[in-house]
Amino acid sequence: MKEVGNIIPAMVDVTDYFPILNRQINGHKLVYLDSAATSQKPKSVIDCITKYYETSNANVLRSVHTLAEEATEEFEESRKKVAGFIHARYPQEIIFTRGCTESLNVIARAWGDKFLKSGDEIVLSPVEHHSNLIPWQQLAGRIGAHLRFIDLEEDGTITVDGARAQINSKTKIVALSAVSNVLGTINPIGDIARLAHEVGAIIVVDGAQSVPHQITDVQKWNIDFLAFSGHKMLGPTGIGILWGKKELLNAMDPVIFGGEMIEYVDRENATWAELPAKLEGGTPNIAGAIGLGAAVDYLEKIGMPRIEKHVRILAEEAYRRLSNIQDVTVYGPSSPHTGVVSFNIYNVHPHDVAQVLDSQGIAIRAGHHCAQPLMQWLGVIATARASFYLYNSSNDIDALVNAIEITKRYFKI
Ligand code: 7TS
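Everything numeric here is computed off the predicted structure, so don't read it as measured data.

About the cut-offs
Residues numbered from 1 in each chain as written. Predicted model: local features only at pLDDT ≥ 70, side-chain atom pairs only at ≥ 80, totals over all residues. Heavy atoms only, no water. Near = heavy atom within 4 Å. Polar contact = N/O pair within 3.5 Å; in protein donor to acceptor, adjacent residues only side chain to side chain. Areas by Shrake-Rupley, 256 points an atom, 1.4 Å probe, with all protein chains shown as cover. 1 Å grid on protein atoms, 1.4 Å probe; cavity = no way out; pocket = protein on both sides within 12 Å on 5 of 7 lines; lining within 4 Å. Sits in = over half its atoms within 2 Å of the grid points. Core = buried A, V, L, I, M, F, W, Y, C linked by side-chain atoms within 4.5 Å. Buried < 20%, exposed > 50% of the residue type's maximum accessible area, 1.4 Å probe, protein only. Contact = heavy atoms within 4.5 Å. Points joined across faces, edges and corners; volume = space filled by probe spheres on them. Helix = DSSP H or I, 4+ residues; strand = E, 2+ residues; numbered from the N terminus. Nonpolar A, V, L, I, M, F, W, Y, C, P; charged D, E, K, R; others polar. Phe/Tyr/Trp six-rings, centres within 6.5 Å; stacked < 30°, edge-to-face > 60°. Lys NZ or Arg CZ within 6 Å of the ring centre and 35° of its normal. Arc of directions from axis to C-beta. Salt bridge = Lys/Arg side-chain N within 4 Å of Asp/Glu carboxyl O. Pairing = 2+ DSSP bridges. Axes fitted to C-alpha atoms, helices over the stretch in contact; angles between N-to-C directions.

This brings us to the site of the ligand. Around the ligand, the surrounding shell holds 15 residues, and the nearest of these are Thr101, Asp206, Ser229, Arg365 and Arg385. Between an oxygen atom of the ligand and a side-chain N or O atom of Asn181, the distance comes to 2.9 Å. One of the side-chain nitrogen or oxygen atoms of Arg365 is found 2.6 Å away from a nitrogen atom of the ligand. In isolation the ligand has 490 Å² of accessible area, and contact with the protein removes 87% of it. Judged by the fraction of its atoms near the pocket grid, the ligand is located in the largest pocket.

Moving on, we get to the nonpolar core. Side chains of nonpolar character tend, in soluble globular proteins, to be buried together. Counting residues in hydrophobic clusters, the biggest one holds 77 residues, and the most contacted among them are Ile86, Ile223, Leu226 and Leu390. What Ile86 contacts, discounting residues up to four positions off in sequence, is Ile94, Val211, Thr216, Asp217, Val218, Leu226, Phe228 and Trp243. Among the nonpolar cores identified, the runner-up in size contains 30 residues, and Cys100, Trp111, Ile143 and Ile202 belong to it.

This brings us to the layout of surface pockets. Its volume calculated, the largest pocket comes out at about 420 Å³. Lining of the largest pocket is provided by 25 residues; of these, Cys100, Thr101, His129, Ser131 and Lys232 occupy positions nearest its centre. Looking at the lining of the largest pocket, the element that brings in the most residues is helix α4 (residues 100–115), giving 3 residues. Considered as a void within the structure, the second largest pocket measures approximately 260 Å³ in volume. For the second largest pocket, the lining is made up of 20 residues, of which Phe96, Thr97, Glu102, Glu280 and Gly281 are closest to its centre. Taken together, the elements giving at least two residues each to the lining of the second largest pocket come down to β4 (94–97) and α4. Of the residues forming the lining of the second largest pocket, the biggest block, 3 residues, is contributed by β4. Grouping the amino acids of the lining of the second largest pocket by side-chain chemistry returns 10 nonpolar, 6 polar and 4 charged.

Below, the discussion takes up the packing of aromatic side chains. We describe a pair of aromatic rings using the distance from one ring centre to the other and the angle between the two ring planes. Evaluated as defined, the whole model comprises 10 aromatic pairs. Between the aromatic rings of Phe18 and Tyr298, the centroid separation amounts to 5.9 Å while the plane-to-plane angle is 85°, which identifies the pairing as edge-to-face. Residue Phe18 is located in the loop between α1 (14–17) and β1 (24–25), and its partner Tyr298 is located in helix α10 (residues 286–302); the two are separated by 280 residues in the primary sequence. Exposure class is identical for Phe18 and Tyr298. Each is buried. Geometry around Tyr90 places Lys246 over its ring, the cationic atom sitting 4.0 Å from the centre.

Turning to helix α5 (residues 134–143), its buried residues number three or more, namely Pro135, Trp136, Leu139, Ala140 and Ile143. Mapping the buried residues of α5 onto a view down its axis gives an arc of 135°, with all of them on the same face. Gly144 sits one or two positions beyond α5 and adopts a positive phi of about 80°.

In this section: the pattern of salt bridges. For the structure shown, the criterion picks out 20 salt bridges. Between Arg79 and Glu76 there is a salt bridge; the shortest N-O distance is 2.8 Å. Of this pair, Arg79 and Glu76 both sit in helix α3 (residues 66–85), 3 residues apart, roughly one helical turn. A relative accessible area of 2% means that Arg79 is categorised as buried. When its relative accessible area of 22% is taken as the criterion, Glu76 is described as partly exposed. Ionic pairing is found between Asp120 and Lys172, a salt bridge with its closest N-O pair at 3.9 Å. One end of the pair, Asp120, is in the loop between α4 and β5 (121–124); the other, Lys172, is in strand β7 (residues 171–177), and 52 residues separate them in sequence. Of the residues examined, Asp120 reaches a relative accessible area of 3% and is grouped as buried. Ionic contacts of the salt-bridge type, sharing partners, join the residues Glu76, Arg79 and Glu280 into one network.

Another point: empty space enclosed by the protein. Which parts of space are left empty comes out when a probe the size of a water molecule is rolled across the atoms. Enumeration according to the criterion identifies 1 cavity of 30 Å³ or more in this entry. Here the largest cavity is characterised by a volume of approximately 40 Å³. Taken together, Ile186, His213, Gln214, Glu308, Arg312 and Thr338 form the lining of the largest cavity.

Looking now at the sheet that holds strand β16 (residues 365–367). Spatially, β13-β14-β17-β16 is the arrangement adopted by the 4 strands of the open sheet, whose pairing is antiparallel. Two strands in the sheet have a free side with no partner beyond their single neighbour: β13 (328–330) and β16. Strand-to-strand twist across the sheet, computed as the mean angle between neighbouring axes with direction ignored, equals 30°. Where β16 meets strand β17 (residues 383–387), 3 bridges bridge the pair, whose relative direction is antiparallel. Bridged to Ala366 within β17 is Ala384. Contacts from helix α12 (residues 350–359) reach β14 (340–345), β16 and β17, with the element oriented near 160° to β16. Along the sheet, helix α14 (residues 394–410) contacts β13, β14 and β17; its crossing angle with β14, the most-contacted strand, is approximately 15°.

Structure below.
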């Protein structure tokens, strides 16, 4: 008998609030299971960006005319909203960047180049997205530092003991994702932050997959830096956040030089503006920042604890149901498991799985997910990955399970 999942409705009226989810794809209603790559955008975010361009568009932080003052006010209001969202102590600790990748690169350059020296160690994990690996590889190469990797448990989880085994007096930076974009594992960030601080190291957290899905409290975690992207949390592309403790951001030198970030300039020399301008050289993505503020409003209206619970229930339900399908391998722990479910169908390339699913209107991602060292650890070249957000329901899991059965029949598995 065919298994039917628990009834888990979407958290919002998708038809009204997420216009794109009304689309038909290849004759089927779109089932969007690729939010880990980028989330869809609610109408309130789309409308907010349109309104900004239609009514207040101007450059920020320079001119004194009305439009410029309105734009600056909205831009700075968004900074405050983001600060509140992650429980930052000061809005000046919120630096607008292009995204998580840029934020991590800035930390590696601006903190790493200044404060690390030859022989120092950087502790990472094998599950990191390339964005939280390559900047550290490059830094290590520039200054002669060494990378160490936390051993994973059999199911891919990271434990505090595993971290403790790699952290020592030579450790200067621990850089870890809070949630894996492939395994959906949730890492014990607060405990690992304590270990890092015990040896005088700093901890950098890649929050790309965690900030959209759970309450983020940088003070409770007691971390030093956090990087994340607006586009995975209902906001627009091209806007992201670098958060750091004020004293650390103050100690860093800028990496982008030009307009906006200076205090005084003469022919030979320049001095830097106060935070956050010091680290925001050039005209920022104003509409993006304002759109991100609208996304934060939307997420807070729905409630992060509810979103966290919803996504976790869906992911664990999908994990359970996919595990019960013959010839399907699901990766990572069954619980806790959030956001994403990676899987393979025996003898079928994940790209082929994604293609058959697309023919059924289902959008998933297939590939190495910018986590090739993790693929090597799993012993696979790629996986298929379904990822969930507040607009998904158990109907989407039904559609996914059904389409996997169609794929198996197609490839005669
Ligand atoms: N870190 C993690 C954990 C990620 O999942 C991603 C993007 C990034 C960093 C980089 O974010 P960006 O916005 O700067 O590109 N992850 C994915 C993904 O899993 N599929 O597409 C993008």
